[in-house]
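These are the residues of each chain, in order.
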Amino acid sequence: MTGKRGAVGLVAQLLGDVDPLADELTDQIFDAERGYADQLRDHHDRVRTAVRDNLRTLLLALQENPISLDAAREAGRLKAELGIPLPALLHAYRLGGRFIWDRLLAGATDEGRATELLHLASDIWQIIDDHSGAAAEAYRTTVEEQSHRDAAARTAMLTSLLDGSITSAPRATEIVRILRLDGTGPLLVVNAETDEAEGLPPGTVSKLRALGVTSQWTRLAGSTAGLLHLPGDRTIPATRDLLTTLTSTRTGISRPFRTPLDATRAWREAQVATRCLPPGTQGAHTYGEAPVALLVASAPDAAADMARSVFAALDALPAAEHTTLLETLDTWFSVGGSTTKAAELLHCHRNTVLYRLNRIGELTGRHTTDAVGSAELYAALRAVRQGVVVEG
């Protein structure tokens, strides 16, 4: 302690006056952070206690007592809980350092003490750095914990809204408001077949936001479910197009709605819309845009029975022929019944396409040239493609 003995005496004097000094420093912090003065003032006693504890700890450290960072950590947690920005927290520590230095200078009434005080200067700012660093670390940890808690709360609210737990219209409206999805524009529910580890494609939320679409997402029934708020009806096509571009799995989209309590029905629509696409494919499908696919997805058991009945005779065929016939039928339907276009896609002669279609007619008793038979073949084919019945 050579060269610091007199200065340490000044520190002891400040420790004796720590309570009035804490009042003064608290006022200085309030004046310096006018933008957050109201937030601080509502918790004046807690802030003042934190200032006193930190001031006392800093002065004790200058007496070469064992350094405790508990007060600094508590100050960091407090500022995070109050929503005070991190720069304001660090600024308060700089104010505290200058405050201590100014009071020490004021107490050094003779040249000898002033000289001794110079030996404490580096100690003061090192201690301030240590304490502000600990406070900042506690601040960041608290913010991260708050973020996790807030995210968990939002997830729980969204889940309850989608799964039908909420039956009160006012409560559903309040949840949408809390999730910041309220407004005059329509809502959509999205159901994406993503596993828990994979989650949404990178950039989904930000790309939606670029369209003016806000969203909240959660895991539900083994998929990723999202509630989207659009700025207006004109944004619906662009939103659907973007989801189609982004998705790497099957994704279903509900019809637009405006009443929050309809979110449960919309989620069921999004689930059904997902099943309108063949398993293992990628793309986005909107509920109702393909009526036959919708019927198959809505009544999978009945659709499976129907498909087995229609294609029963095909089951006796070799697997390769069975697959070829269904592929030909699928391609022919996809090009609007054009044998020429189907032949081009299948890389065969149009007569080969005609032969295969006739073969299907002979085996099933349903011909593509007949309206009812063609409809039954198409519905059965959709059931196979949508995975409600196993092919072969």
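Residues numbered from 1 in each chain as written. Predicted model: local features only at pLDDT ≥ 70, side-chain atom pairs only at ≥ 80, totals over all residues. Heavy atoms only, no water.

Comments concerning the overall build of the protein chain
Looking only at helices and strands, one finds 17 helices and five strands in the protein chain. A compact globule built from 392 residues should have a C-alpha radius of gyration of about 21 Å, whereas the protein chain, at 35 Å, is more than 25% larger. Projected onto its principal axes, the C-alpha coordinates of the protein chain cover approximately 115 × 45 × 30 Å. Taken over 392 residues, the protein chain has a buried fraction of 45%. Long-range pairs, those at least 24 residues apart, make up 70% of the contacts in the protein chain with a sequence separation of at least 6. Carbon and sulfur atoms make up 51% of the accessible area of the protein chain, which amounts to about 19500 Å² in all. The averaged location of the 49 negative side-chain charges in the protein chain is 4 Å from the averaged location of its 40 positive side-chain charges. (Helix = DSSP H or I, 4+ residues; strand = E, 2+ residues; numbered from the N terminus. Rg over C-alpha atoms; globule rule 2.2 N^0.38 Å. Buried < 20%, exposed > 50% of the residue type's maximum accessible area, 1.4 Å probe, protein only. Contact = heavy atoms within 4.5 Å. Areas by Shrake-Rupley, 256 points an atom, 1.4 Å probe, with all protein chains shown as cover. Lys, Arg positive; Asp, Glu negative; His and termini not counted. Charge placed at Lys NZ, Arg CZ, Asp CG, Glu CD.)

Considering the side chain of Asn191
Along the chain, the position of Asn191 falls in strand E1 (residues 187-192). Judged by its relative accessible area of 4%, Asn191 falls in the buried class. A polar contact of 3.1 Å, which involves the side chain of Asn191, links it to the side chain of Thr274. Other than its neighbours up to four places away in sequence, Asn191 contacts Ser223, Thr224, Arg250, Thr251, Gly252, Trp267, Ala270, Gln271 and Thr274. (Polar contact = N/O pair within 3.5 Å; in protein donor to acceptor, adjacent residues only side chain to side chain.)

Notes on the packing of aromatic side chains
Inspection of the entire model under this criterion finds two aromatic pairs. Look at Trp332 and Phe333: their rings are 5.3 Å apart centre to centre, the planes differ by 65°, and that puts the pair in the edge-to-face class. The exposure class assigned to Trp332 is buried, which follows from its relative accessible area of 11%. Taking 5.0 Å as the distance between ring centres and 70° as the angle between the ring planes, the aromatic pair formed by Phe333 and Tyr378 counts as edge-to-face. (Phe/Tyr/Trp six-rings, centres within 6.5 Å; stacked < 30°, edge-to-face > 60°.)

What about the sheet that holds strand E3 (residues 223-229)?
Pairing in this open sheet of five strands is mixed, and the strands run E2-E3-E1-E4-E5 from one edge to the other. The open sheet has two edge strands, strand E2 (214-220) and strand E5 (283-286), and neither has a second partner. Averaged over all pairs of adjacent strands, the angle between strand axes in this sheet comes to 20°, irrespective of strand direction. Relative to the sheet, helix H11 (residues 263-275) contacts E1, E2, E3, strand E4 (250-253) and E5, its axis offset from that of E1 by approximately 40°. (Pairing = 2+ DSSP bridges. Axes fitted to C-alpha atoms, helices over the stretch in contact; angles between N-to-C directions.)

Quick word on the pairing of E1
Summarising burial for E1: six of the six residues are buried, a large majority. Side chains Leu187, Val189 and Asn191 of E1 all project onto a buried face; the interleaved residues Leu188, Val190 and Ala192 project onto the opposite face, where all are buried too. With six bridges connecting them, E1 and E3 associate as antiparallel partners. By the bridge assignment for E3, Ala192 is matched with Thr224. Note: E1 against E4, three bridges, orientation antiparallel. Bridge assignment links Asn191 to a residue of E4, and that residue is Gly252.

Remarks on the nonpolar core
Nonpolar side chains in soluble globular proteins generally cluster together in the buried interior. With 43 residues, the main nonpolar core has Leu55, Leu59, Leu62, Tyr93, Ile100, Leu104 and Ile124 as its most contacted residues. Those elements that place two or more of their residues in this core are helix H1 (5-16), helix H2 (18-32), helix H4 (44-62), helix H5 (70-81), helix H6 (86-107) and helix H7 (111-162). Element by element, the count of residues in this core is highest for H6, at 10 residues. Formed by 26 residues, the second largest nonpolar core is a distinct cluster that contains Val296, Leu325, Trp332 and Leu381. (Core = buried A, V, L, I, M, F, W, Y, C linked by side-chain atoms within 4.5 Å.)

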